[in-house]
Protein chains: 2
Amino acid sequence: MKKEDSKVTIYDVAAAAGVSKSTVSRYLGGRFHEISPKTQKKIEHVIQQLNYRPNNLARGLKGNRSYLIGAIVADITNPYTTAILRGAEDVCKQHGYSLLICNSDNQPSKEREYISMLQSHQIDGVFVQTTGGNQAFLQELSRNGETPIVLVDRKIPELSFDTVGIDNHHAVLQAVSYLLKQGYERIAYFTEPVQEISPRRERYVAFLEALQIENEEHQSLNDIYELDVHDKDLLDSQLAAFLADSKGQARAILTANSVVALKLILSIKEKGLQIPKDIALMSFDNPSWAAAIESGITTMVQPTYQIGSTVAELILKRINGEQTAVQTVAYQTRLFERGSTPKV
Amino acid sequence: MKKEDSKVTIYDVAAAAGVSKSTVSRYLGGRFHEISPKTQKKIEHVIQQLNYRPNNLARGLKGNRSYLIGAIVADITNPYTTAILRGAEDVCKQHGYSLLICNSDNQPSKEREYISMLQSHQIDGVFVQTTGGNQAFLQELSRNGETPIVLVDRKIPELSFDTVGIDNHHAVLQAVSYLLKQGYERIAYFTEPVQEISPRRERYVAFLEALQIENEEHQSLNDIYELDVHDKDLLDSQLAAFLADSKGQARAILTANSVVALKLILSIKEKGLQIPKDIALMSFDNPSWAAAIESGITTMVQPTYQIGSTVAELILKRINGEQTAVQTVAYQTRLFERGSTPKV
DNA sequence: TTGTAAGCGTTATCAA
DNA sequence: TTGATAACGCTTACAA
């Protein structure tokens, strides 16, 4: 009944079925036309009996495939991230792949360590929401192991990797245009440090451009605030500065993501102000709580699940040898209007 | 300069350094006292030069270690889950282990498939927030491969696995006692279907008990509502039922987790009611948005990060052969008072 | 201190 | 339709 030796191998199956390893291997590989129906039945039965599971390590060593895909994300506790992972996971599972998930915390050094680790595990592909600090390592990973790499959310212009994200430029234009149309005279943009992170930069640039296009009077650089979500004092003072400067105007804030939005909401409430009466608010991303705060927070929705599944599909295609040209997929966003941005 | 052959192996390093594979292997294993300083330097240099990374598949095949730990969670998009993963990840990384993350969606069939998959990957250990439907599979995994298994959040009484979670009984007593002390006459408990999921059952039982202990008048079974977070109509009608039944009383709702809380908040708002004026609210877990809704939602905080890191530590201990008795770690929770449960 | 050789569990190439 | 046998990249006796 119960095998007491710990691991049952292909050899045990072969012995029990009275055939050779090769035949069992053929069975495992699904090459049934090379096996007589009788032995096939027998092997099937023995595998059940022994509860045999092929060893992926051995399989990978021989076949140069690990059936592992790496995922390096900036912050796994961000709902944007998990939604993407969810999409990727479904596709991977469907194709027999598993996800090795790594959290870079936006630190290039951690990202680098994880790249190494993933390389050791012989991952068949990887997608990374990059800190931007490891171009050489990524390039080497891609070149040396021919490992397909897909960038999510954040581009690296210098490297030609498949990239999946949104049309940031268009999204910001749409957001600003909407806010202006709602009648806001003064619009600020609150973002995490722009640095060299592409979506942040694209949104930043687009924001400036949007104001210029839409309304000549808004050509002020001062309405962009870079903040660290962990530095509450800085956030508070920046909010205060904007409030002071826009006194008496119909004003709105656009935030670069939901984490910034949440911090800002707390700060606004602490100041005893109300959304949208005292200040309107709109945010990128569409966290679950967006509908539940005040009369709802208007958001710019990214198709996160689809981004994730597209990423996985691209990787799998490359793994399976498809040689299409490097591509960038930019999804359109959707403006979800809620109570935080009423007409003034 | 640039090796054009894709993978550089231990053999390449050996050749380039003019030594044998064994010597390089000794270097990799950190057994420096068995190598002359000169060759050590040489190997070190060559490894740098060639950018060599040991192949984990080969290493694992030989040494019977994959340096992989599996994580089967119910829902990766739940902030409770990601906080735990975050804790586990930090510990794993520190010890050279990587996390293979699997999302069961609370479906036993998916959980089962993932158990198989993880087994194939020869994971060195696994932690699972189990659906409860795969006891036989878990037991077999544990027995057959001697793979350490740790249960998170949810127990399986029949199986003797290390388990990490919170003291649900105490937490509920504490919550109910607090609400009563705040002056609420009528307290309802909203939970996802209790089924055989241990924390749900424990909280359920504790809730009944708490009412009996604290206040004889509350001995009504009717104030427990089981709902499916995807069935909005059901939730709406259950809320309506409780509201109708408790008309005129000072009333509060305790929710079993933050997902339920959020759905409930939406439903309450839709009905045009206010928190806490019309109804008080308190929830298990402490999602980031708890502070931002209305005057804040009072929560029962679980030490999620610590739960995650404890889980990983337990697994690693077992992997490293520590033979301590099976243990259950139950952390205490902390009541975080906010505006949703004022004194009446 | 170093090298040789066997073996980990597979798959793939050959013969039979 | 099957079965030997040689890899895959590494670790680990055992020799030298």
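In the nomenclature of an unreviewed UniProt entry, chain A corresponds to LacI family DNA-binding transcriptional regulator from the organism Heyndrickxia ginsengihumi.

**With respect to the overall build of chain A**
Across its full length, chain A holds 12 helices and 12 strands. Against the 2.2 N^0.38 benchmark of 20 Å for 344 residues, chain A shows a C-alpha radius of gyration of 26 Å, more extended than a compact globule. In terms of overall dimensions, chain A has a C-alpha envelope of 90 × 40 × 35 Å along the principal axes. Across the 344 residues of chain A, 54% fall into the buried class. Sequence separation of at least 24 residues holds for 69% of the intrachain contacts in chain A that already meet a minimum separation of 6. When the accessible surface of chain A is summed, it comes to about 14,900 Å², and 49% of that surface belongs to carbon and sulfur atoms. Side chains of chain A give 37 positive and 40 negative charges; the mean places of these two sets differ by 10 Å.

**A short note on the sheet that holds strand β7 (residues 224-226) of chain B**
Residues and elements named next belong to chain B. Taken in spatial order, the 6 strands make up an open sheet running β7-β6-β8-β9-β10-β12, and their pairing is mixed. Edge positions in the sheet fall to β7 and β12 (334-336), since each of these pairs with one other strand and no more. Looking at each pair of strands side by side, their axes are set apart by 20° on average, direction ignored. Summarising the sheet, strand β10 (residues 298-301) and β12 pair through 3 bridges and their orientation is antiparallel. When the sheet's bridge partners are listed, V301 is paired in β12 with R334. Across the sheet, helix α8 (residues 168-181) lies against β6 (186-191), β8 (251-255), β9 (280-284), β10 and β12, angled at about 165° from β9, the strand it touches most. Packing of helix α10 (residues 232-245) onto the sheet brings it into contact with β6, β7 and β8, and relative to β6 it is tilted by some 170°.

**So, the interface of chain B and chain A**
On the side of chain A, 60 residues touch chain B, which itself brings 60 residues to the contact. Both sides of the chain B and chain A interface together cover about 5,400 Å² of buried area, and 54% of this is carbon and sulfur. For the pair chain B and chain A, the number of links is 6 salt bridges. Between K93(A) and E113(B) there is a salt bridge; the shortest N-O distance is 2.5 Å. At the boundary of chain B with chain A, the tally comes to 24 residue pairs in polar contact (both at pLDDT 80 or more). For the side of chain B that touches chain A, the secondary-structure elements that each account for two or more residues are α4 (56-63), α5 (79-94), β2 (98-103), α6 (108-120), α7 (135-145) and α11 (258-270) of chain B. Tallying contributions element by element places α6(B) first for the side of chain B that touches chain A, with 7 residues. Class assignment of the residues belonging to the side of chain B that touches chain A gives a composition of 23 nonpolar, 20 polar and 17 charged.

**Some points on the environment of E146(B)**
Assignment of secondary structure puts E146(B) in the loop between α7 and β4 (149-152). Taking relative accessible area as the criterion, E146(B) reaches 59% and is therefore assigned exposed.

**Thoughts on the UniProt feature "domain: HTH lacI-type" (unreviewed entry) in chain A**
Those places that UniProt annotates as "domain: HTH lacI-type" (unreviewed entry) correspond, in this numbering, to residues 8-63 of chain A. Here residues 8-63 of chain A is 68% helix and 0% strand, with 20 Å between the C-alpha atoms at its ends.

**With respect to the domain arrangement of chain A**
Domain annotation for chain A reports domain 1 (10-54), domain 2 (62-165 + 304-331) and domain 3 (168-302). Put simply, the middle of domain 1 of chain A and the middle of domain 3 of chain A, counted by C-alpha atoms, are 62 Å apart.

**Re the protein's contact with DNA strand C**
Near DNA strand C you find 27 residues, and of these I10(A), Y52(A), S22(B), R26(B) and K62(B) are the closest. Here DNA strand C approaches the protein such that, of its atoms within 4 Å, sugar and phosphate make up 58%. Separating a phosphate oxygen of DNA strand C from a side-chain N or O atom of S25(A) is a distance of 2.7 Å. A distance of 2.8 Å separates a phosphate oxygen of DNA strand C from a polar atom in the side chain of T39(B). Of all the secondary-structure elements, those providing two or more residues to the surface near DNA strand C are α2 (21-28) and α4 (56-63) of chain A together with α2 (21-28) and α4 of chain B.

**Here we look at the protein's contact with DNA strand D**
The local shell around DNA strand D holds 26 residues, among which S22(A), T23(A), R26(A), I10(B) and Y52(B) are the closest. Within 4 Å of the protein, the contacting atoms of DNA strand D are drawn from sugar and phosphate to the extent of 56%. One of the backbone N or O atoms of A58(B) is found 3.3 Å from a base nitrogen in DNA strand D. For the surface near DNA strand D, the elements supplying multiple residues, two or more each, are α2 and α4 of chain A together with α2 and α4 of chain B. Sort the elements by how many residues they give to the surface near DNA strand D and α2(B) lands first, with 4 residues. Broken down by class, the residue content of the surface near DNA strand D amounts to 8 nonpolar, 11 polar and 7 charged.

**Observations concerning the sheet that holds strand β12 (residues 334-336) of chain A**
Residue and element names in this part refer to chain A. The mixed open sheet is built from 6 strands, whose spatial order is β7-β6-β8-β9-β10-β12. Strands at the two margins of the open sheet, each flanked by one partner only, are β7 (224-226) and β12. Each adjacent strand pair in this sheet contributes to an overall mean axis angle of 20°, direction not counted. With 5 bridges joining them, strand β6 (residues 186-191) and strand β8 (residues 251-255) adopt parallel strand pairing. Bridge pairing links I187 to A252 in β8. Across the sheet, helix α10 (residues 232-245) lies against β6, β7 and β8, angled at about 170° from β6, the strand it touches most. On the sheet, helix α11 (residues 258-270) packs against β6, β8 and β9 (280-284) and is oriented at approximately 155° with respect to β9.

**Describing α6(B)**
In an α-helix there are 3.6 residues to a turn, and that puts residues three or four apart on one side. All names here are of chain B. The end-to-end C-alpha distance of α6, which contains 13 residues, comes to 18 Å, matching closely the 18 Å that a straight helix rising 1.5 Å per residue would cover. Those residues of α6 that sit buried are K110, E111, Y114, I115, S116, M117, L118, Q119 and S120. Trailing α6 by a residue or two, Q122 shows a phi angle of about 60°, which is positive.

**Quick word on the pairing of β4(B)**
All names here are of chain B. Alternating positions in β4 separate into two faces, I149 and L151 on one and V150 and V152 on the other, with burial throughout. Sheet topology places strand β3 (residues 125-128) next to β4; 3 bridges connect them, and they run parallel. In the strand pairing of β4, F127 is matched with V150. At this point the chain moves from β3, through α7, to the parallel β4, and the crossover so formed is right-handed. Pairing analysis gives 3 bridges linking β4 to strand β5 (residues 162-166), with the strands arranged parallel. In the strand pairing of β5, V150 is matched with D162.

The rules behind the values
- Residues numbered from 1 in each chain as written.
- Chains lettered and ligands numbered in written order.
- Predicted model: local features only at pLDDT ≥ 70, side-chain atom pairs only at ≥ 80, totals over all residues.
- Heavy atoms only, no water.
- Helix = DSSP H or I, 4+ residues; strand = E, 2+ residues; numbered from the N terminus.
- Rg over C-alpha atoms; globule rule 2.2 N^0.38 Å.
- Buried < 20%, exposed > 50% of the residue type's maximum accessible area, 1.4 Å probe, protein only.
- Contact = heavy atoms within 4.5 Å.
- Areas by Shrake-Rupley, 256 points an atom, 1.4 Å probe, with all protein chains shown as cover.
- Lys, Arg positive; Asp, Glu negative; His and termini not counted.
- Charge placed at Lys NZ, Arg CZ, Asp CG, Glu CD.
- Pairing = 2+ DSSP bridges.
- Axes fitted to C-alpha atoms, helices over the stretch in contact; angles between N-to-C directions.
- Buried area = accessible area lost by both parts, 1.4 Å probe.
- Salt bridge = Lys/Arg side-chain N within 4 Å of Asp/Glu carboxyl O.
- Polar contact = N/O pair within 3.5 Å; in protein donor to acceptor, adjacent residues only side chain to side chain.
- Nonpolar A, V, L, I, M, F, W, Y, C, P; charged D, E, K, R; others polar.
- UniProt positions renumbered as here; feature names shortened; annotations may be inferred.
- Domains from an automatic or database assignment.
- Near = heavy atom within 4 Å.
- Expected span 1.5 Å × (residues − 1).
- Right-handed = clockwise from strand over helix to strand, strands pointing away.

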